[in-house]
Amino acid sequence: MESSFRSRNRQIEVLLWSIAFPGFGQLLNKRFFKGVVFLLLEFIINNQSNLNTIIILSFQGEIEESIDQANYQWLMFYPCVYLFAMWDAYRDAGGGDKPYSFLPFVLSAYLGTVGVIFSDTVTIFGYPWGPIFFSILSLLIGVVMGLIIQKALQRSKNNI
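Residues numbered from 1 in each chain as written. Predicted model: local features only at pLDDT ≥ 70, side-chain atom pairs only at ≥ 80, totals over all residues. Heavy atoms only, no water.

1. Looking at the nonpolar core
Inference 1: Ranked by internal contacts, the top residues of the largest apolar core, which has 22 residues, are Leu 51, Ile 54, Tyr 72, Leu 75, Leu 83 and Phe 105.
Inference 2: For this core, the elements supplying multiple residues, two or more each, are helix 3 (32–49), helix 4 (51–59), helix 5 (63–69), helix 6 (72–75), helix 7 (78–92), helix 8 (103–118) and helix 9 (130–159).
Inference 3: It is helix 7 that contributes the most residues to this core, 8 residues altogether.
Inference 4: Apart from the residues within four sequence positions on either side, Leu 51 is in contact with Asn 46, Leu 75, Tyr 78 and Ile 132. (Core = buried A, V, L, I, M, F, W, Y, C linked by side-chain atoms within 4.5 Å. Buried < 20%, exposed > 50% of the residue type's maximum accessible area, 1.4 Å probe, protein only. Helix = DSSP H or I, 4+ residues; strand = E, 2+ residues; numbered from the N terminus. Contact = heavy atoms within 4.5 Å.)

2. As for unusual backbone geometry
Inference 1: Even without glycine at this site, Asn 50 takes up a positive phi of about 65 degrees.
Inference 2: Summarising the element assignment, Asn 50 is placed in the loop between helix 3 and helix 4.
Inference 3: Since its relative accessible area comes to 28%, Asn 50 is described here as partly exposed.
Inference 4: In this structure, Phe 125 is a non-glycine residue whose phi angle is positive, near 60 degrees.
Inference 5: By secondary structure assignment, the location of Phe 125 is in the loop between strand 1 (123–124) and strand 2 (127–128).

3. Side note on the pattern of salt bridges
Pairing between side chains becomes possible if they bear opposite charge and their charged atoms approach one another.
Inference 1: Inspection of every chain in the model, using the stated rule, returns 6 salt bridges.
Inference 2: As a salt-bridge pair, Asp 92 and Arg 31 come within 3.4 Å of each other at their nearest N and O atoms. In this pair, Asp 92 is assigned in helix 7 and Arg 31 in the loop between helix 2 (24–28) and helix 3, connecting sequence segments 61 residues apart.
Inference 3: The class of Asp 92 is partly exposed, set by a relative accessible area of 23%.
Inference 4: Residue classification places Arg 31 among the partly exposed residues on the basis of a relative accessible area of 40%.
Inference 5: Across the pair Arg 91 and Asp 88 runs a salt bridge whose closest N-O atoms are separated by 2.8 Å. Pair noted here: Arg 91 and Asp 88 are both in helix 7, with a separation of 3 residues, about one helical turn.
Inference 6: Residue classification places Asp 88 among the buried residues on the basis of a relative accessible area of 2%.
Inference 7: Taken together, the shared-partner salt bridges connect Arg 31, Lys 34, Asp 88, Arg 91 and Asp 92 into one network. (Salt bridge = Lys/Arg side-chain N within 4 Å of Asp/Glu carboxyl O.)

What follows is the structure in structure tokens.
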């Protein structure tokens, strides 16, 4: 019991560090090469897409300016790299042993990328949400959809 509790805590710890910064989970798992690769990808994509600038502008309410500052050619890579780094670290920490546990990560990556693509044109309640807030909303929808589909597939597998 305590071993599974410790293992679950480790999975959560690695997942949370990966959310904070892609590559940190791999470093905690002692997967140093993968960790450095994800850290480098994070720095390159972040810099080339102007991600920090558009995050600051978005939180300051300057959505139109954040849209203008975003380099969408680079920004589209971020959700997939970010979510894959999380999944990889979580799996290496012993997570992902349930069938279809990858689905929330995959659907978040897909919908997050779609969110980036449409973030400069979609308005909600008459206001543009921009590349940060609309992408986050899309990621959350992906997590929920992934969890629902995962549970449905697990149930159908158990019923067979």
